[in-house]
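# Close look at the chain arrangement
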Amino acid sequence: MKLAVIGTGYVGLVTSSVFADFGNQVFGVDIDADKIKTLKSGKVPLYEPGLSDLLIRNQTSGRLEFTTNYYQAVSEADVVFICVGTPSNAKGEADLQYVFSASQSLAPHLKNGAVVVIKSTVPPGAHLKVKQIIDKVTQVKYFLASVPEFLREGSAIEDTLRPDRVVIGTNNRQAQKLLLDLHRPINGKRILTDIISAQLIKYTANAFLASKISFANEVARLCDAYGADVMQVMKGVGEDKRIGKAFLHPGIGYGGSCFPKDVKAILAFGRQQGVNLSVINGAHLTNQTQVDYVIAKINSYIPNLKAAKVGVLGLAFKGNTDDTRESRALLLIEALLAKGSKIYAYDPMAAEYVQKFYPQLKINYRSSWQDVAKDVEILIIATDWNEFKELSLDELGKVSNLKYIFDGRNILNPDSVKQAGFKYIGVGR
Ligand code: UDX
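Residues numbered from 1 in each chain as written. Predicted model: local features only at pLDDT ≥ 70, side-chain atom pairs only at ≥ 80, totals over all residues. Heavy atoms only, no water.

### Points about the site of the ligand
Residues in close proximity to the ligand total 18 residues, the closest being F150, E153, H249, K318 and R409. The contact in question runs from a nitrogen atom of the ligand to an N or O atom on the backbone of H249, over 2.9 Å. The separation between an oxygen atom of the ligand and a polar side-chain atom of R409 is 2.7 Å. When isolated, the ligand has an accessible area of 670 Å², and the protein chains bury 91% of it. At three residues, helix α9 (residues 195–226) tops the list of elements feeding residues into the shell around the ligand. For the shell around the ligand, the per-class residue count stands at nine nonpolar, three polar and six charged. Each of domain 1 (2–195) and domain 2 (228–426) contributes no fewer than three residues to the shell around the ligand. (Near = heavy atom within 4 Å. Polar contact = N/O pair within 3.5 Å; in protein donor to acceptor, adjacent residues only side chain to side chain. Areas by Shrake-Rupley, 256 points an atom, 1.4 Å probe, with all protein chains shown as cover. Helix = DSSP H or I, 4+ residues; strand = E, 2+ residues; numbered from the N terminus. Nonpolar A, V, L, I, M, F, W, Y, C, P; charged D, E, K, R; others polar. Domains from an automatic or database assignment.)

Below is the structure:
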C-alpha cells in the first residue's frame, strides 16, 4: 500500500519505518524542514533503540522517503496517518492545533477512497472537527479512523511489532478491512470498534497505568510510615492475577510525553462532560506531590539541604531514552536547587539536551556516575538506567566518601548497599 505519515516524532517515525519494512511505500511528512533534512541524510533526530537501522534500511531500499510537501506524500496515499503532537494547554486540555493544521494541509490532496487515520491521542469526538475541516476543502470520498498507539519509548519498535492489541476504530467496513490488511504482519489481538470508543481506550489505558503507579507510590508512603518494604508488599499484591505485577513499581513519580498530559486531558474532558473522575484525579494529585514527598524524606536525613552537595544519577524521564519531557528527575533537581543544594549530575543520554534547553538549572554536569559520586554526600538515583541498576558498590566505596544513597527508583538491593557501608534510603523501603 501507499502510505503518508504526518509527523516525524516517536510515533510518526516508528510507524513510517515499521510499515515501510513490511513492504509498503511510505512518505513521512513534517513541516519542520530541518528535521526532514536531518532524516533525509539518514540521521534520526531522537534516540530510540533500533530505529536508526530500520530507518536507514528502508530509506536505502527506496520504500521510505521524507518530505515537507503534502501533495507529494498524500496525493497517492491509500492511508494517511496523523501522528502529530497533542500537548497540554494551560487548562490541561489536549491542544489540538497540530491535528487540525495537519488535517487542513492534507485535505486538498486526498485521493478517492483514502483512509485518514488519527494516531495522535485526541479526546473523544475530536475527529468530528477533523471531518469538518477536511469536508470544507475536498469533495472526494474518504474515511476516518482512529488507531491509537500504545508504544513505550525505549521499546517503541518491539511494542509496534508485537503489541498486546491493535485497536481499529472506524464506522466504515471498507476502511476497517483496509486497516486489517495493513496491520496483518503485526501480532496482537484485534479490537474492532467505533472511533469514539477507540479514542477512549487510549486515554483509559494511560490513566489506568498512571493510576497503578500512583497507587504504588501511595502505598510506598504507608510503608515508610510503618517501616515495611513496599517492594515486598507489591510483590505479594502483584502475584494476584487480577491485579498483575506491571506498573506497580514505586519511585519519584511518572513523567514522559504521555501519562502526565493524557491524565490531565481526561480530567479536563471529564469535567466538560460533568463527570467527576475522582480516582484518576487522585492519581494525578499523588503524582504532583511525589517529588515533594521524596524531598521531605531526604530532608529528614539531611536537615540542612542548603549546604548539601547532592549527586543525581539520571535526567531522562525513564531509562533507555534521551527524552526529558515531564521528567521527575528535573523537578527533583529544581526543588533541591530552590533549597540551595549544589547539584552534580550525570545521564548517559540526556545531559547535553538538558544543558542546552534548561539553562536555568544550575547543574554541575559530570561524565560518569563515578565522577558525580566523588564530590557529594548523598547520591540520588532519579532514572532507572541499567547502568545504575548495575552500579558497582565496591567502586563507589573507593571513589567517594558519600554517606547516603537515595534510591529514587527502588532498583538497588538495600542489603548490598548497607553491606557496602552506605545508608540506604528508598521510596517506601
Ligand atoms: C507510556 C505508555 O506505557 C504507552 O503505552 C503510551 O503509548 C505512552 O505512554 P512511555 O511514556 O514511553 O509510555 O513510558 P512508560 O514506560 O509507560 O513510563 C511512564 C512513566 O512511568 C516513566 O516516568 C516511568 O519511570 C514511570 N513508571 C512506570 C513508574 O514510575 N513505575 C512503573 O511501575 C512504571
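### Considering unusual backbone geometry
With a phi close to 65°, N320 is a non-glycine residue in the positive phi region. Secondary-structure assignment places N320 in the loop between β9 (309–313) and α13 (328–338). For N320, a relative accessible area of 34% corresponds to the partly exposed category. Residues other than glycine seldom take positive phi values, yet E326 does so here, at roughly 55°. With respect to the element layout, E326 can be found in the loop between β9 and α13. (Buried < 20%, exposed > 50% of the residue type's maximum accessible area, 1.4 Å probe, protein only.)

### Comments concerning the sheet that holds β9
The strand order across the open sheet formed by six strands is β11-β10-β9-β12-β13-β14, and the pairing between neighbours is parallel. At either end of the open sheet lies a strand with only one pairing partner, and these are β11 (363–365) and β14 (423–426). Here the strands of the sheet are splayed against their neighbours by 25° on average, with no regard to which way each runs. In the sheet, β9 pairs with strand β10 (residues 342–346) via five bridges, with the strands oriented parallel. Counted as the bridge partner of K309 is K342 from β10. (Pairing = 2+ DSSP bridges. Axes fitted to C-alpha atoms, helices over the stretch in contact; angles between N-to-C directions.)

### Section: helix α1 (residues 10–21)
Its 12 residues place the ends of α1 16 Å apart at the C-alpha level, agreeing with the 16 Å of an ideal helix rising 1.5 Å per residue. Within α1, 10 of the 12 residues are buried, which leaves it mostly tucked inside the rest of the structure. Looking only at α1, the buried set comprises Y10, G12, L13, V14, T15, S16, S17, V18, F19 and A20. Among the residues trailing α1, G23 stands out with phi positive, at a value near 105°. (Expected span 1.5 Å × (residues − 1).)

### Describing the packing of aromatic side chains
Applying the stated criterion across every chain, the model contains eight aromatic pairs. Measuring from ring centre to ring centre gives 6.0 Å for F19 and F22, while their planes differ by 80°; the resulting arrangement is edge-to-face. Take F22: its relative accessible area is 27%, and that puts it in the partly exposed class. Following the ring pairs from residue to residue traces out a cluster consisting of F19, F22 and F81. One residue, K129, lies across the ring of F100, its end atom 4.4 Å from the ring centre. Taking NZ or CZ as reference, R165 lies 3.6 Å from the ring centre of F150, over its face. (Phe/Tyr/Trp six-rings, centres within 6.5 Å; stacked < 30°, edge-to-face > 60°. Lys NZ or Arg CZ within 6 Å of the ring centre and 35° of its normal.)

### Considerations on the side chain of S103
Residue placement: S103 occurs in helix α5 (residues 97–106). Relative accessible area serves as the criterion here: at 0%, S103 is assigned to the buried category. Reaching out from S103, the side chain makes a polar contact with the backbone oxygen of V99 at a distance of 2.7 Å.

### Let's talk about the packing of α9 against helix α11 (residues 259–272)
Relative orientation of the contacting elements α9 and α11 amounts to 115°, with a least axis distance of 9 Å. Crossing geometry of α9 relative to α11 is assigned as left-handed. Listed contacts from α11 to L200, K202, Y203, T204, N206, A207, L209, A210 and I213 of α9 are F259, D262, V263, A265, I266 and F269. (Left-handed = near helix turned anticlockwise from the far one by under 90°. Contact = heavy atoms within 4.5 Å.)

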